[in-house]
Protein chains: 2
Amino acid sequence: MSSDFDVFGLGQCSLDYVGVFDSYPSPDTKHEFRRMIVQGGGPVATALVALSRWGRRCLFCGVVGDDGFGEQIRASLEAEGVDTRGLLVRAGEGSQFAFVIAEPVTGRRTILWRRPTGRAVAPAEVDTAWIEAARTFYTDGLFIEASLHAAAVARRAGRAVVVDAGTLRDGMLDLAALSDVFIVSETFCRALVGGDAPLEACRRLAALGPSLTGVTLGARGYVALADGEVISSPAHEVRVVDTTGCGDVFHAAVAYGLLRGWEARRCLDLANRAAARVATRPGGRSAIPSGDEMLSWAERSSTKL
Amino acid sequence: MSSDFDVFGLGQCSLDYVGVFDSYPSPDTKHEFRRMIVQGGGPVATALVALSRWGRRCLFCGVVGDDGFGEQIRASLEAEGVDTRGLLVRAGEGSQFAFVIAEPVTGRRTILWRRPTGRAVAPAEVDTAWIEAARTFYTDGLFIEASLHAAAVARRAGRAVVVDAGTLRDGMLDLAALSDVFIVSETFCRALVGGDAPLEACRRLAALGPSLTGVTLGARGYVALADGEVISSPAHEVRVVDTTGCGDVFHAAVAYGLLRGWEARRCLDLANRAAARVATRPGGRSAIPSGDEMLSWAERSSTKL
């Protein structure tokens, strides 16, 4: 069975302004910072940029406004070879925007963001052909109805469903039940199990169906459950400048490994390395490792092919 | 003596993104906000926009980069009728940018800003004809060497020199010595006198030469010294949404009153009213009172014409 695309992605795309700060600004002050990077962002959009750099053919569906940011977001995807035929432009509306306060001294990152002001992607706006044309369906669940619809179509067509779950919104557990890979943020984990119990969260999510579940934990790395096997690791130590995009690229790397047919441990190990690298420069797309680096890391991985 | 312009302004121009927040974001979180206004800003640029709306002819000199923001900044001035022949574009550089965290609930406003990355306006870049063509020279002292040069030229030509002094930088007291009006921020005041002693600051500044000195104090209003007379008032009470631009418009209103030949007390009273109005909507230029309102306030002012 041949496919036109490796990944069909549905979810957030943003324009990110990353300011590099010496310290966290106090309220009610004027705080001058020195450096700013303007870059496309958003969990799914950045994941697709990473996957495209690693040679995967990607198609993106999301929402922007006709506010100038939208065109920059589109350009940031097309310049990376991501197909944007699914990018919907809402007239008179604003695009997703984030101002990121990055503190290299502490490694902290504070994201101030506004979601697109236009209406969400509706299920009917997701062309079934896009889903069927790709080997993997990849989403963050932001447009939950469309995500549930697309996941159901993808499953029926025998496609893999991979979810980067940042927030425990209504419908997210229904989405987990339709997923093969469901890896969540620390915030999602706490909302699900009421505390810092990532393995418990993995087990609960795995009970819904996904063969690979996990929780990303920032500097503490990740905890995952792959067909009943617990896999965990602290984050790779790097000199952190800005952690924007680390999670996005972690999930992208898992999807990449699965597309290559690697076992979960190798995928997660690769994801952990890729995520750490992203933290070494400001902006989520500045330090994505190259496809060659990804392959070289995968070859040196201690796990069997 | 006729003049081509009422005001020649030299100083900051910015692109401001004002986000409206329910609370101040905690570090290391993702904080979603709902509303964002994109607007030109910067103390001198916003003051000239206000003066232009009040029928004064204004010419602006400042620095932008060729980064997209620069063209938006220029457009935000030209749309208001401000002459931008003095706007210098530095190739390959970034324009001034601010992300403002406005909290209507508390009235707090936190400005995260980056100055233009290109070099400052040099004295030789300020055309003497621009200075001589205007009745008033207006500056924030950001480009201190050019400001000192222009103030000296303005004085020799018999023009009024009005300074909105936000920060006690090197050279600012030399600039005070060349000024007719020198009104400073609370931050400037504290740096000058080592504490919360605005009248003491007014006296020290007046000793350098300006006939009108003052300190703006946010919700506490202002304290000023006009030819030896102490004038003060708390701020007008309004429902505060965003205090961005309040200071800029306060200073602009003082300059406006002086251009009309009004006495200091009337100018300051008008400035206090105009500044409060600016706080009622997000962004420094959204709620600048109209010229008619300014005249109506001035007529009702308890002071004599």
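Heads up: the structure comes first, above all this text.
Just so we're clear, the structure is a prediction, and the values are computed from it rather than from any experiment.

A. Local environment of the pattern of salt bridges. Counted by the stated rule, this structure contains 36 salt bridges over all chains. Across the pair Glu32(A) and Arg34(A) runs a salt bridge whose closest N-O atoms are separated by 3.7 Å. A salt bridge links Glu229(B) to Arg265(B); the nearest nitrogen and oxygen atoms lie 2.7 Å apart. Within this pair, whereas Glu229(B) is found in strand β14 (residues 229–233), its partner Arg265(B) is found in helix α9 (residues 264–278), the two being separated by 36 residues in sequence. Looking at Glu229(B), the relative accessible area reads 38%, which means it is partly exposed. Several salt bridges converge on common partners, so that one network encompasses Glu186(A), Arg190(A), Asp196(A) and Arg220(A).

B. Structural detail: the sheet that holds strand β3 (residues 30–32) of chain B. Read across the open sheet, the 5 strands follow the order β4(A)-β2(A)-β7(A)-β8(A)-β3(B); overall the sheet is mixed. Edge positions in the open sheet fall to β4 (35–41) of chain A together with β3 of chain B, since each of these has one partner strand only. Averaged over neighbouring strand pairs, the angle between their axes works out to 20 degrees when direction is ignored. Across 3 bridges, the pairing between strand β8 (residues 108–114) of chain A and β3(B) is parallel. Residue pairing for β3(B): Trp113(A) is matched across the bridge by Glu32(B). Each of β2 (14–20), β4, β7 (97–103) and β8 of chain A is contacted by helix α2 (residues 69–78) of chain A, which is oriented at about 90 degrees to β2(A), the strand it contacts most.

C. Representation of the packing of aromatic side chains. With the rule as written, the count across this model stands at 33 aromatic pairs over all chains. Between Tyr222(B) and Phe250(B), the ring centres sit 5.6 Å apart and the planes meet at 55 degrees, which makes this aromatic pair tilted. Taken together, the positions of Tyr222(B) in strand β13 (residues 222–226) and Phe250(B) in helix α8 (residues 246–259) put the pair 28 residues apart, joining distant regions of the chain. Through pairs of rings, three or more aromatic residues link up here, namely Tyr17(A), Phe21(A), Phe33(A), Phe69(A), Phe97(A), Phe99(A), Tyr17(B), Phe21(B), Phe33(B), Phe69(B), Phe97(B) and Phe99(B). When the ring centre of Trp262(A) is taken as origin, the NZ or CZ atom of Arg266(A), which lies over that ring, is 5.9 Å away.

D. Spatial organisation of the environment of Arg169(A). All names here are of chain A. The topology assignment puts Arg169 in the loop between β10 (160–165) and α5 (172–177). In this structure, the C-alpha to C-alpha distance between Arg169 and Gly209, residues 40 residues apart in sequence, is 18 Å. Once residues within four sequence positions are removed from consideration, Arg169 is found in contact with Gln12, Asp140, Gly141 and Leu142.

E. Layout of the relation of the copies chain B and chain A. Taken as rigid bodies, chain B and chain A are interconverted by a rotation of 180 degrees and an axial shift of 0.0 Å, the fit giving an RMSD of 0.0 Å. Seen this way, the second copy is the image of the first under a two-fold rotation axis. Among all residues of chain B, the one whose C-alpha sits closest to the rotation axis is Phe99(B), at a distance of 3.8 Å. Both copies contact each other with a shared surface, as 100% of the interface residues of chain B are interface residues in chain A too.

F. Quick look at the interface of chain B and chain A. Taken together, the contact pairs 26 residues of chain B with 26 residues of chain A. Buried surface at the junction of chain B and chain A, both sides included, amounts to about 2,600 Å², of which 61% is carbon and sulfur. Linking chain B with chain A are 2 salt bridges. Taking the shortest distance from any N to any O, the salt bridge between Arg115(B) and Glu32(A) comes out at 2.5 Å.

G. Main features of the sheet that holds strand β1 (residues 5–10) of chain A. Residues and elements named next belong to chain A. Judged by pairing direction, the sheet is mixed, and its 9 strands sit side by side in the order β6-β5-β1-β9-β10-β11-β12-β13-β14 without closing on themselves. Strands at the two margins of the open sheet, each flanked by one partner only, are β6 (83–90) and β14 (229–233). Averaged over all neighbouring strand pairs, the angle between strand axes comes to 15 degrees, with direction disregarded. One ladder, built from 4 bridges, connects β10 with strand β11 (residues 181–184); its direction is parallel. When the sheet's bridge partners are listed, Val163 is paired in β11 with Phe182. Those strands touched by helix α6 (residues 186–193) are β10, β11 and β12 (212–216), and its axis lies near 95 degrees from that of β11.

H. Structural view of the nonpolar core. Core analysis: the biggest nonpolar cluster contains 120 residues, and Tyr17(A), Trp54(A), Phe99(A), Tyr17(B), Trp54(B) and Phe99(B) have the highest contact counts within it. For Phe99(B), the residues in contact, after removing those within four places along its chain, are Phe97(A), Phe99(A), Leu112(A), Tyr17(B), Gly19(B), Phe21(B), Phe33(B), Met36(B), Thr110(B), Ile111(B) and Leu112(B).

I. Up close: unusual backbone geometry. Phi angles above zero are rare outside glycine, and Asp227(A) is one such case at about 50 degrees. Tracing the chain through its elements places Asp227(A) in the loop between β13 (222–226) and β14. The exposure class of Asp227(A) is exposed, given its relative accessible area of 68%. Located in the positive-phi region is Asp28(B), a residue other than glycine, with phi close to 70 degrees. Structurally, Asp28(B) can be placed in the loop between β2 (14–20) and β3. Note on Asp28(B): relative accessible area 47%, which makes it partly exposed.

J. Representation of the state of the cysteines. All names here are of chain B. Summed over all chains, the structure comprises 0 disulfides over all chains. For the unlinked cysteine Cys13, the closest cysteine sulfur is that of Cys61, found at 9.2 Å. Its relative accessible area of 2% is what places Cys13 among the buried residues.

K. Region of the structure containing the packing of α8(B) against α9(B). All names here are of chain B. At a closest axis distance of 8 Å, the pairing of α8 and α9 adopts a crossing angle of 150 degrees. Judged by the inter-axis angle, α8 sits roughly antiparallel to α9. Judged by the twist between their axes, the crossing of α8 over α9 is right-handed. Residues Cys246, Val249, Phe250, Ala253, Val254, Tyr256, Gly257 and Leu258 of α8 form the contact with α9, whose participating residues are Cys267, Leu268, Leu270, Ala271, Asn272, Ala274, Ala275 and Val278.

L. The arrangement of the environment of Ala152(B) in detail. Mapped onto the elements, Ala152(B) comes out in helix α4 (residues 144–156). Each C-alpha atom of the pair Ala152(B) and Leu175(B) lies 8.8 Å from the other, and the pair is 23 residues apart in sequence.

About the cut-offs
- Residues numbered from 1 in each chain as written.
- Chains lettered and ligands numbered in written order.
- Predicted model: local features only at pLDDT ≥ 70, side-chain atom pairs only at ≥ 80, totals over all residues.
- Heavy atoms only, no water.
- Salt bridge = Lys/Arg side-chain N within 4 Å of Asp/Glu carboxyl O.
- Helix = DSSP H or I, 4+ residues; strand = E, 2+ residues; numbered from the N terminus.
- Buried < 20%, exposed > 50% of the residue type's maximum accessible area, 1.4 Å probe, protein only.
- Pairing = 2+ DSSP bridges.
- Axes fitted to C-alpha atoms, helices over the stretch in contact; angles between N-to-C directions.
- Contact = heavy atoms within 4.5 Å.
- Phe/Tyr/Trp six-rings, centres within 6.5 Å; stacked < 30°, edge-to-face > 60°.
- Lys NZ or Arg CZ within 6 Å of the ring centre and 35° of its normal.
- Least-squares fit on C-alpha atoms with pLDDT ≥ 70 in both.
- Buried area = accessible area lost by both parts, 1.4 Å probe.
- Core = buried A, V, L, I, M, F, W, Y, C linked by side-chain atoms within 4.5 Å.
- Disulfide = S-S within 2.5 Å.
- Parallel < 35°, antiparallel > 145°, perpendicular 65-115°, else oblique.
- Left-handed = near helix turned anticlockwise from the far one by under 90°.

Note that all results are geometric; they support no functional claim without further evidence.
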